[in-house]
Protein chains: 2
Amino acid sequence: MILKSQVEWALHCCAILSGLPEGRYLSTKALAELHGLPKEYLSKALQSLSQAGLVDTTLGPSGGYRLAKSPGQVTFLDIVEAVEGETRTFVCNNIRTNNPCLPDDYCYSGPCAVARIMWEADEAWREKLRSVTLSDLERMLVRETPAKLWKDTFAWVLGRAG
Amino acid sequence: MILKSQVEWALHCCAILSGLPEGRYLSTKALAELHGLPKEYLSKALQSLSQAGLVDTTLGPSGGYRLAKSPGQVTFLDIVEAVEGETRTFVCNNIRTNNPCLPDDYCYSGPCAVARIMWEADEAWREKLRSVTLSDLERMLVRETPAKLWKDTFAWVLGRAG
DNA sequence: ATATTAAGGATAAATAATATCCCTATTATA
DNA sequence: TATAATAGGGATATTATTTATCCTTAATAT
């Protein structure tokens, strides 16, 4: 059970968009080059972000993506769910209903204990992701990235941003 | 990103094994029938539990599986990891190293902020699963299963347990 | 001896993830 | 107004993973 790599891509792309000055857009092409990713497939991940309302887009030369909200308002969970979907990691197939001892007319009400416990763990995961925003990420990245590299990267980005 | 259905199967099978009297074994065949599962494939899940040391096995007629520890000593995490493996849900491919602004000689030390955050969420998930044991599950199941059904089920099981 | 079991190897089928290609409508800019 | 660059999205291909099935082997209770 592994998240799609598009989740990683989307998170890193959002980190860059967080640092973009107000009103500027960055294209799929630039984001793909910056991260060494296949442009066409990265595009699908960015489309997911767009459909989820996390980014705004504009067409034409100098078009691309920008955050639709302030970095402090976009959580990791928003991004993960936009790309990965909102389905829980544990799917209950209700195999208890196959029990040969079960009366024909019996009907379980509510999910079984196994599912409830697994879903609580899912919720703990979500809750953690909900507690971290893009501004938290930005703060961590600024602290751990050499100043020159950070500066060079955004110079590179701004040279390509519409 | 969805857990294999073998995880669900293993959890339900362990719930049954938890209720088995000391020293008795239950076969794959019985567990498969009880849950309406393909015997050969369920067998792979049970083998995983065996390899992880969660269950004991014995061969021959009246052979099968029993818990290797008391239900209070087996956590959901033990079972999930036995079947699903211990890999984290988020895999970091270190795409930051593709940054064209990165000096050739530069070498990142340690995982990036994105990975650290995602791994914290993974750890929250694990921590929740680690906090629930098979005896917790048994308590919940006893409470929510009609007494007659519970009784009939274990009569059925004991009629097949070696 | 015989029937039954777990273990595990080999292989097949179905599903999901990872791409690639191409067409359309939009838009900045020359 | 023409041109080039862009996002959106449909169709399709490739690869990996999940879900099985089948078969052989060694152990064991009866």
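Now for a look at the structure at hand. (Residues numbered from 1 in each chain as written. Chains lettered and ligands numbered in written order. Predicted model: local features only at pLDDT ≥ 70, side-chain atom pairs only at ≥ 80, totals over all residues. Heavy atoms only, no water.)

## Describing the pairing of strand β2 (residues 64-67) of chain B
All names here are of chain B. Note that strand β1 (residues 55-58) and β2 share four bridges and pair antiparallel. Paired with V55 across the bridge in β2 is L67. Counting the residues in the hairpin turn of β1 and β2 gives five residues, including G60, whose phi is positive at 80°. (Pairing = 2+ DSSP bridges. Helix = DSSP H or I, 4+ residues; strand = E, 2+ residues; numbered from the N terminus.)

## Some points on the packing of helix α5 (residues 113-130) of chain A against helix α6 (residues 134-144) of chain B
Remark: α5 of chain A packs on α6 of chain B, axes separated minimally by 9 Å, with the N-to-C direction vectors making an angle of 130°. Looking at the two axes, α5 of chain A sits oblique to α6 of chain B. Seen from α5 of chain A, the contacting residues are A113, V114, R116 and I117 of chain A; seen from α6 of chain B, they are L137, M140, L141 and E144 of chain B. (Axes fitted to C-alpha atoms, helices over the stretch in contact; angles between N-to-C directions. Parallel < 35°, antiparallel > 145°, perpendicular 65-115°, else oblique. Contact = heavy atoms within 4.5 Å.)

## Some remarks on the environment of L141 of chain A
Structurally, L141 of chain A can be placed in helix α6 (residues 134-144). Taking the C-alpha atoms as reference, L141 of chain A lies 8.7 Å from A15 of chain A; in sequence the two are 126 residues apart. Those residues in contact with L141 of chain A that sit more than four places away from it in its chain are A15 and W150 of chain A together with A113 of chain B.

## Re the side chain of T28 of chain A
Residues and elements named next belong to chain A. Secondary-structure assignment places T28 in helix α2 (residues 28-35). Judged by its relative accessible area of 14%, T28 falls in the buried class. If we ignore the near neighbours within four places in the chain, the residues touching T28 are K39, L42, S43, L46 and Y65. (Buried < 20%, exposed > 50% of the residue type's maximum accessible area, 1.4 Å probe, protein only.)

## Focus on the environment of C112 of chain A
Secondary-structure assignment places C112 of chain A in the loop between α4 (76-84) and α5. Between the alpha carbons of C112 of chain A and R96 of chain A there is a distance of 8.2 Å; along the sequence they are 16 residues apart. Those residues in contact with C112 of chain A, other than ones at most four positions away along the chain, are C92 and R96 of chain A together with H12 and E144 of chain B.

## Examining empty space enclosed by the protein
Residues and elements named next belong to chain B. Inspection of every chain in the model, using the stated rule, returns three cavities of 30 Å³ or more. Taken as a whole, the largest cavity spans an internal volume of roughly 270 Å³. The biggest single contributor to the lining of the largest cavity is helix α7 (residues 147-158), with four residues. For the lining of the largest cavity, the residue count by class is nine nonpolar, five polar and two charged. (1 Å grid on protein atoms, 1.4 Å probe; cavity = no way out; pocket = protein on both sides within 12 Å on 5 of 7 lines; lining within 4 Å. Points joined across faces, edges and corners; volume = space filled by probe spheres on them. Nonpolar A, V, L, I, M, F, W, Y, C, P; charged D, E, K, R; others polar.)

## Quick notes on the relation of the copies chain A and chain B
You can overlay chain A on chain B at an RMSD of 0.1 Å; the transform is a turn of 180° with a shift of 0.0 Å along its axis. Classification of the inter-copy transformation places it as that of a two-fold axis. Residues of chain A ranked by C-alpha distance from the rotation axis are headed by W125 of chain A, positioned 2.5 Å from it. The share of interface residues of chain A whose copies in chain B are also at the interface is 100%, consistent with both copies meeting through the same surface. (Least-squares fit on C-alpha atoms with pLDDT ≥ 70 in both.)

## Observations concerning the interface of chain A and chain B
Taken residue by residue, the interface counts 56 residues in chain A and 57 residues in chain B. The junction of chain A with chain B conceals about 5,100 Å² of combined surface from both sides, 71% of it contributed by carbon and sulfur atoms. Considering only the surface of chain A that becomes buried against chain B, M1, E8 and I95 of chain A emerge as the three largest contributors, covering 15% of it. At the junction of chain A and chain B, the tally comes to four salt bridges. Put simply, R116 of chain A and E144 of chain B hold a salt bridge, and the shortest N to O gap is 2.9 Å. When contributions to the side of chain A that touches chain B are tallied by element, the ones reaching two or more residues are α1 (5-18), α2, α4, α5, α6 and α7 (147-158) of chain A. With twelve residues, α5 of chain A is the single largest residue contributor to the side of chain A that touches chain B. Class assignment of the residues belonging to the side of chain A that touches chain B gives a composition of 35 nonpolar, ten polar and eleven charged. (Buried area = accessible area lost by both parts, 1.4 Å probe. Salt bridge = Lys/Arg side-chain N within 4 Å of Asp/Glu carboxyl O.)

Function cannot be read off these values alone, since they describe shape.
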